Amino acid sequence: MDDFKPANAINDISDEEEDAATVVDHGPHTVIYSRDDSTLVEGSSDHGRSKVSGGVKASMNASIQQLHYNRNKLALDRVIITSIELLEELSEENNERPIFFPIDSEDHAILNSAKAHLALLKSSELESKVGKSKPDSSDVPKLQVLKVQLKLGPGQGDVSSTLDKKTISGLLEQKIRSQIKYLENLKDRVDDTSSKVFVTGDLNSGKSTFCNTLLRRKVLPEDQQPCTSVFCEVIDAKRENHGIEEVHAIPIGSKYDRLDETTFEKHALTELEELVQQCDKYALLKVYVTDKRNIDHSLLANGVIDIKLIDAPGLNMDSYQTTQVFSRQEEIDLVVFVVSAENHFTLSAKEFIAAAAAEKRYVFVVVNRFDNIRDQEKCKRRILDQIKDLSPETHKNAAEFVHFVSSTDAYGGDGGDDPGDDDHGGNDDPNSPDFDALEASLRKFILDKRAISKLLPAKDFLTHLLSDMAIISDQNEQIWSQEVADKTFELENSVSPQCADAQKASDKVHNIIMRQIESVCSDTYDNTRNFINQTIRELGSTQIVEYIGLSGVFEYAIATQDAMVSQVLASVSDAEDLAREVTEETVAEVVKEGKQKLGDEFLEGKRFNSSLMFTGKQKAPLQFKDTRVDVVDFFDPSIEGFLVFVGLPPDLVSRSCGHLEAVNPTAIMTGFASTVDTLKTASPQSLTLHALYSSGKILGAGAIVRKVWDASHVISPNTLKYIVVPIVAVISGVTAWYLISDIPNAYPRNVARKLRRKLETSEYSHQQATRVAKEVRHVLNFPARQVQTQFQTSIDKKLQEKKRLSEDIHNAGLSVSYFKALNQKIKLQQSALSAIELESFNSVE
């Protein structure tokens, strides 16, 4: 078998070569591997390297164990890769729709990270924001890996209640990202064939001394004062550095490559005491040393696997170093925690072991300086009680993992130097049985139970991680399902009916107001038109300007025209005044209707001023005044006027003219019955009254005509010749006098006819009525629009709420579907992880 290949070349070899390169004997502890002839021999250091007849069988067992190890390693790699993918999906979901996330604070409350409102939900807030059936924080299982802790100062109380959704989402995102990075490092650690042993502990607990004791030589500097501030990684020089003992100091920010000397500085081992104090310059010291002891004694040169021993700075040296110690856990396979028997576990020590126990089921605890304790049994009980709380599995197997020793003056072995230890004043035998038992347990755990020491921590971490993801997924599925139910109930039973009711109320009020406006505008149009038409019809019926005689007849004519135009304009103004009153009343009714439906704040502080109506527009111009005065306009002879002029009473003349009007041919034809029924109906009046009366008149007129005819036979032509001239003169004079006297009445009648024709032709009354009605409509539309706007604003708010609820339901439904699918994926990975059998082949005795 070829020499064992280094860890950085493991990716370049085949599975068969990897199987052979990492063969581990999991059989009897007396079976060891010989690198010289590729065989397994049975025996201890007392028996030497004698071959046994059972070597072939042991080799077969080792091969089976190795195949089982490789298969489990590949299965773990698959679970790690899938877990990274699940965390990536969880991160995307958290960024899209912030999830509900448990946080570890004083009251262990639940963080509600919903898109609409994310805040820390206490018991009272949980019911109001998420729903009555949301899980109580006390019932939520605690997370082990994905928990976010809020460390509170004294007297600060619970500050998590002040966190908003962005902060909580950011905390969760950071936690997910850190776990993804951890899993990537975990995969590298699982794939790495070497094993890293991490030695840490409190300040001045003897960590460096313990490492030197394992090496049986003083390699790392020791002092009563803390001296190690840089991580020291002790490596077998024969395997990794061609047997050359030296220190490779890696500067901060540099990526180490042993073949590239620009990435590190070379130093002699003698300079190590100075190098370990330069934490501001170096990130890591690679310490290459050789161990000349036999493979069955040496931990580094064990002949089976590469082992790297990491000496960490003490906890509590400073916050940065302590953080670095915590973060290095993800790179190591086994933790050896050195604690002083005099001081027990500090707070940082407890936090470190608790964090390590989240992944690593077993932690080696070395209780140093135990020989200085007077009541050793009491000390053991107290330390074991503390370990029981911090790492229960370690406590169960305390005989294997908890050792009470004193490691000073134990170098002795091959090639060791005198230690000159100043760490404390112990004086142990180099062959101390306590330390030998510790070393044997450590060798056995690393070499013989490699699946437990290297793969089991990864499996335990993945078990905790998947369990945490299942807790988060189950919790979010329940919460989002309840969110869907609550929002759907609110949408269907509250918001949607409110939207429908508001829309119906808006339509109803709008229709009422619009009908009212249409009615008012229609009435205003009719009233205005009728009012103007009535005024136009009455023009010229009376003398409206004082007549001063023929000398002022022209001025009379102009004044009469002006007066008639003023009458028409006055009728328009009166119609506008009436429209103002009606508009003011209607506005008050509209505002009242709005206040009833929208509240008293509707148009609060606004008052309608009707005097501003019809001021912004010019009245329709009257271009009907005729400044030209014609002579014929002063004369308008009529029988009725002449009869009144000759002295007949106006009432009698009016009645007589009315009777004559009734018997004119047009009236008779239009009043004649067209059917038998109408004839019967109208006969009592038409036939009896009008017909008889009219026939009487006709008979009387005929008698007069006959008498005149009879008289004409008496009067001769000569007599008529003398009578006609005076009669004609008298008649002419009377007519002329009548025409002159009738000028004050004739001119208004003639002008009125002309003006009336012009107004009717231009549809003046229609234009003015339309203008007034349009102004009224314009004014009334303002409060109507305000009512509609207020209703629409209220409807829009409800529609927005409805839209928001619909979006919340949609998003919650997406979250429910996502977490259901996530649960299924997690269960598959948990099943795959459970199928990885590690302890059945390698159990801790």
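Rules of the game
Residues numbered from 1 in each chain as written. Predicted model: local features only at pLDDT ≥ 70, side-chain atom pairs only at ≥ 80, totals over all residues. Heavy atoms only, no water. Helix = DSSP H or I, 4+ residues; strand = E, 2+ residues; numbered from the N terminus. Buried < 20%, exposed > 50% of the residue type's maximum accessible area, 1.4 Å probe, protein only. Contact = heavy atoms within 4.5 Å. Polar contact = N/O pair within 3.5 Å; in protein donor to acceptor, adjacent residues only side chain to side chain. Axes fitted to C-alpha atoms, helices over the stretch in contact; angles between N-to-C directions. Parallel < 35°, antiparallel > 145°, perpendicular 65-115°, else oblique. Left-handed = near helix turned anticlockwise from the far one by under 90°. Nonpolar A, V, L, I, M, F, W, Y, C, P; charged D, E, K, R; others polar. Patch = residues over 30% accessible without salt bridge, like charges linked within 9 Å, V, L, I, M, F, W, Y side chains within 5 Å. Areas by Shrake-Rupley, 256 points an atom, 1.4 Å probe, with all protein chains shown as cover. Salt bridge = Lys/Arg side-chain N within 4 Å of Asp/Glu carboxyl O. Expected span 1.5 Å × (residues − 1). Pairing = 2+ DSSP bridges.

Novice: An account of the overall build of the protein chain is requested, with residue identities and associated values reported.
Specialist: Scanning the protein chain for helices and strands turns up 22 helices and 14 strands. In the protein chain, which comprises 845 residues, the proportion classed as buried is 45%. Residue pairs in contact within the protein chain that sit at least 24 positions apart in sequence constitute 80% of those at least 6 positions apart.

Novice: A description of the environment of Asn-823 should follow, citing residues and the corresponding values.
Specialist: Note that Asn-823 resides in helix α22 (residues 764-834). Residues Asn-823 and Ala-470 lie 353 residues apart in sequence; the distance between their C-alpha atoms is 6.2 Å. When sequence neighbours within four positions are dropped, the list of residues in contact with Asn-823 reads Ala-470, Ser-473, Asp-474 and Glu-477. A polar atom in the side chain of Asn-823 sits 3.1 Å from the side chain of Ser-473.

Novice: Residue-level account of the packing of helix α14 (residues 450-538) against helix α15 (residues 553-598), with values.
Specialist: Close contact between α14 and α15 brings their axes to 9 Å; oriented N to C, the two are set at 170 degrees. One way to sum up the angle between α14 and α15 is to call them roughly antiparallel. Between α14 and α15 lies a crossing of right-handed hand. Taken together, the residues that form the contact of α14 with α15 break down as 13 nonpolar, eight polar and four charged.

Novice: An account of the side chain of Ser-340 is requested, with residue identities and associated values reported.
Specialist: Its location among the elements puts Ser-340 in strand β12 (residues 334-340). For Ser-340, a relative accessible area of 4% puts it in the buried group. Each residue touching Ser-340, except ones within four places of it in the same chain, is listed here: Ser-205, Asn-368 and Arg-369.

Novice: Tell me about a nonpolar patch on the surface, residues and numbers included.
Specialist: On the surface, Tyr-722, Ile-723, Ile-727 and Ile-731 cluster together into a nonpolar patch covering about 410 Å² of accessible area. In this fold, Tyr-722 is placed in helix α20 (residues 717-741). For Tyr-722, a relative accessible area of 62% gives the class exposed.

Novice: Please provide a residue-by-residue account of helix α21 (residues 743-761), values included.
Specialist: Compared with the 27 Å implied by 1.5 Å per residue over 19 residues, the 27 Å span of α21 between its first and last C-alpha is a close match. All of the buried residues along α21 are Ile-743, Pro-744, Ala-746, Tyr-747, Pro-748, Asn-750, Val-751, Ala-752, Leu-755, Arg-756 and Leu-759. Taken from the residues just after α21, Glu-763 is the one with a positive phi, measuring 55 degrees.

Novice: Hey, could you go over unusual backbone geometry for me, with residue numbers and the actual values?
Specialist: Positive phi, normally seen in glycine, also occurs at His-242, with a value near 55 degrees. Its identity as a non-glycine residue notwithstanding, Arg-369 has a phi of 60 degrees, on the positive side. With relative accessibility at 5%, the residue Arg-369 sits in the buried group.

Novice: I'd like a rundown of the sheet that holds strand β9 (residues 265-267), residues and numbers included.
Specialist: Pairing in this open sheet of nine strands is mixed, and the strands run β9-β8-β10-β7-β11-β6-β12-β13-β14 from one edge to the other. Sheet topology places β9 and β14 (402-404) at the edges, where each strand pairs with a single neighbour. Adjacent strand axes in the sheet meet at a mean angle of 20 degrees when their direction is disregarded. Of the strand pairs in this sheet, β12 and strand β13 (residues 364-368) are connected by five bridges, and their pairing is parallel. When the sheet's bridge partners are listed, Val-336 is paired in β13 with Phe-364. Docked against the sheet, helix α13 (residues 433-448) engages β6 (195-201), β11 (307-311), β12, β13 and β14, running at close to 165 degrees with respect to β13.

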